[in-house]
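# Summary of structural features
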Amino acid sequence: MSADLTRSPAWLALKQHAAQVGSRHLRELFAADPQRGERLVIEDVGLYLDYAKQRVNADTMDLLRQLAEDRGVRQRTAAMFAGERINTTEDRAVLHVALRAPVGEKILFDGHDVVADVHAVLDRMAAFSDQVRDGSWRGHTGKRIRNVVSIGIGGSDLGPVMAYEALRDYSQREMVFRFVSNVDGTDFAEAVRDLDAAETLFIVCSKTFTTLETLSNAQAARQWAVQALGDDSAVAKHFVAVSTNADEVAKFGIDTANMFGFWDWVGGRYSMESAIGLSTMLAIGPQHFRDMLAGFHAMDVHFRDTPFERNLPVTMALLGIWNTNFLDAATVAVLPYEQYLKRFPAYLQQLTMESNGKSVTIDGQAVDYATGPIYWGEPGTNGQHSFYQLIHQGTRIVPCDFIGFGQTRNPVGDQHDLLIANLIAQGEALAFGKSADEVRAEGTAEALVPHRTFDGNRPSSTLLAAELTPYALGSLIALYEHSVFVQGVIWNIDSFDQWGVELGKQLAKATIAELTAAELPQLSHDSSTNALIRRYRQLRDGKP
């Protein structure tokens with residue numbers, strides 16, 4: 001039950017601890033422990049996590065780890081890796097870890113080794129990718145494929161888009177990759193505006209092959225391709241599917257030999273390393289894709305086997321619990337100082353908020369504590385000239401995750417040093433601020449002193465890696481995946497369902513009929529919804 005958490009000894013101890021030390025300034029914490037910056041660090045799987053600028057001390061971390069022990073994080077982790085049906089509301093296992101397990105490792109689901117199945121699909125993806133990339137796969141007119149358009153939505157889009165942008169420097173540059181997700185026709189129209197249909201391959205990503213937005217865009221793509229190529233049979237050479245619904249795929253005109261499947265134990269937001277990542281493999285090649293999977297797997301093993309005090313995902317999760325539930329922070333800013341990671345915050349929004357944006361426990365009880373915070377962010381240094389003002393001097397605490405790399409894929413003068421200097425300086429400024437006396441000492445007019453004073457004590461963590469490689473990307477994503485899982489376990493919520501996205505979609509099915517009917521039907525919604533339907537029809541039909 002919900003009250004079990006807030007009345008537990010570990011929670012009550014943390015609440016009492018927060019009352020005593022939660023308001024202590026980071027200046028004081030660093031002064032009391034000059035080696036803090038060397039101690040509050042974890043390095044493994046190619047990632048260096050500095051959490052010294054979080055508002056915690058050794059006692060805080062001990063209490064948080066005890067909370068994780070008491071809430072059964074170890075047991076739930078073992079259950080996930082063992083293929084148990086821990087997604088209880090959908091009666092499904094949660095086995096995205098099997099998607100990146102190496103050949104020869106066994107993970108059983110209902111007594112069946114799913115790792116062998118995963119590698120069978122990966123091998124088919126690799127063979128297909130090699131054919132497209134080397135030009136041996138030809139389109140309907142005999143031209144080679146130069147353009148790839150991936151059609152999906154949610155996890156079938158956000159992961160592939162983020163991975164393509166993150167690893168663009170590894171991509172086959174003579175090929176064009178585009179992504180369509182929004183049912184807004186503009187998204188599709190702009191994606192294909194300058195493409196030659198004879199050189200374009202569409203990947204339709206829909207497990208059921210019934211997702212409204214994806215199938216609407218797929219039908220638009222089919223019409224566009226057939227109109228340009230003049231033959232329905234062209235679909236077979238210009239479309240492939242990532243799906244499990246062979247009947248609907250065949251009805252669409254896609255050869256089921258070119259259908260790549262995945263499984264019910266793969267949630268959409270955890271699927272980018274499955275066949276959903278076909279566009280990623282086409283872009284960066286099978287070997288780099290497998291390198292990315294190796295990074296995922298290395299973090300999986302680290303998470304499963306490493307004691308809590310040196311465990312990267314557990315530590316990240318516990319810091320999030322502390323900030324959300326004991327310091328009343330409502331958001332987390334993810335700030336990658338790496339342009340290739342410009343879509344990483346958007347990817348994390350689905351991973352975190354669709355997973356832990358829940359207000360009832362696994363057993364259906366209303367929670368009496370905060371759960372998933374709001375994730376947002378932009379790459380540095382752009383964000384510094386946008387929303388950092390609020391982070392530094394606003395009335396809300398915004399914990400920050402800074403992400404940076406020791407080496408750049410694109411060295412231009414000393415710009416990378418300048419970039420990372422900004423990353424390091426922002427964390428320092430957030431932590432320590434600038435006092436009124438320091439501002440006065442600079443000769444600032446008294447009237448301006450309050451405006452130029454920075455309170456500091458704004459918590460942040462910094463993640464560093466050597467370079468943004470496929471391996472590093474995989475380990476970074478898995479770090480956040482497992483952090484989300486640990487938080488869900490502590491909050492006793494199901495991090496793997498997403499019922500909250502269903503109601504609006506159900507209502508839209510009824511509304512579309514009312515919008516498209518030849519004559520305005522009798523409306524039975526609330527007065528606002530009825531008025532919006534009427535006004536939209538007037539605007540669409542050019543009536544004042």
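These lines cover the structure that appears in this document, whether it is placed above or below. Please read these numbers as outputs of a predicted model, since none were measured by experiment. (Residues numbered from 1 in each chain as written. Predicted model: local features only at pLDDT ≥ 70, side-chain atom pairs only at ≥ 80, totals over all residues. Heavy atoms only, no water.)

### With respect to the packing of aromatic side chains
Tallied over the entire structure, the rule returns 22 aromatic pairs. For the ring pair Trp11 and Tyr369, a centre distance of 6.0 Å and an interplane angle of 50 degrees mean the geometry is tilted. Taken together, the residues Trp11 in helix α2 (residues 9-21) and Tyr369 in the loop between α16 (344-356) and β11 (374-376) connect sequence positions 358 residues apart. On the accessibility criterion, Trp11 (6% relative accessible area) is buried. Here the aromatic residues Phe188, Phe202, Phe209, Trp224, Phe239 and Phe252 are joined through ring pairs into a cluster of three or more. Sitting over the face of the ring of Phe308, Arg74 holds its NZ or CZ atom 4.0 Å from the ring centroid. (Phe/Tyr/Trp six-rings, centres within 6.5 Å; stacked < 30°, edge-to-face > 60°. Helix = DSSP H or I, 4+ residues; strand = E, 2+ residues; numbered from the N terminus. Buried < 20%, exposed > 50% of the residue type's maximum accessible area, 1.4 Å probe, protein only. Lys NZ or Arg CZ within 6 Å of the ring centre and 35° of its normal.)

### Things to note about empty space enclosed by the protein
By the definition in use, this model includes six cavities of 30 Å³ or more. Each pocket or cavity is described by its volume, and for the largest cavity that value is around 190 Å³. Lining the largest cavity are 19 residues; nearest its centre among them are Met316, Gly320, Val332, Tyr375 and Asp401. At the level of elements, α15 (312-326), β10 (331-336), β12 (400-405) and α20 (470-491) are the ones that each hand at least two residues to the lining of the largest cavity. (1 Å grid on protein atoms, 1.4 Å probe; cavity = no way out; pocket = protein on both sides within 12 Å on 5 of 7 lines; lining within 4 Å. Points joined across faces, edges and corners; volume = space filled by probe spheres on them.)

### Here's the deal with the nonpolar core
Among the nonpolar cores identified, the biggest contains 125 residues, and Trp265, Phe344, Leu473 and Tyr480 are the most heavily contacted of them. Looking at this core, the element that brings in the most residues is α20, giving 12 residues. Setting aside chain neighbours within four positions, we find Trp265 in contact with Ala93, Val94, Leu95, His96, Ala98, Leu99, Phe109, Val114 and Val118. Grouped together as the second largest cluster of nonpolar side chains are 27 residues, Ala198, Ala218, Ala221 and Val249 included. (Core = buried A, V, L, I, M, F, W, Y, C linked by side-chain atoms within 4.5 Å. Contact = heavy atoms within 4.5 Å.)

### Notes on the layout of surface pockets
For the largest pocket, the calculated volume is near 1,200 Å³. If you go around the largest pocket, you meet 46 residues; those closest to its centre are Thr211, Gln498, Val501, Glu502 and Lys505. At the level of secondary structure, the elements contributing two or more residues to the lining of the largest pocket comprise α8 (155-166), α10 (212-229), α16 and α21 (502-516). The biggest single contributor to the lining of the largest pocket is α21, with six residues. Of the residues contributing to the lining of the largest pocket, the split by class is 17 nonpolar, 18 polar and 11 charged. In this structure, the lining of the largest pocket is formed jointly by two domains, domain 1 (105-285) and domain 2 (504-541), each of which donates at least three residues. Taken together, 14 residues line the second largest pocket, and the ones lying closest to its centre are Thr408, Asn410, Gln415, His416 and Leu419. Considering only residue class, the lining of the second largest pocket consists of five nonpolar, seven polar and two charged. (Nonpolar A, V, L, I, M, F, W, Y, C, P; charged D, E, K, R; others polar. Domains from an automatic or database assignment.)

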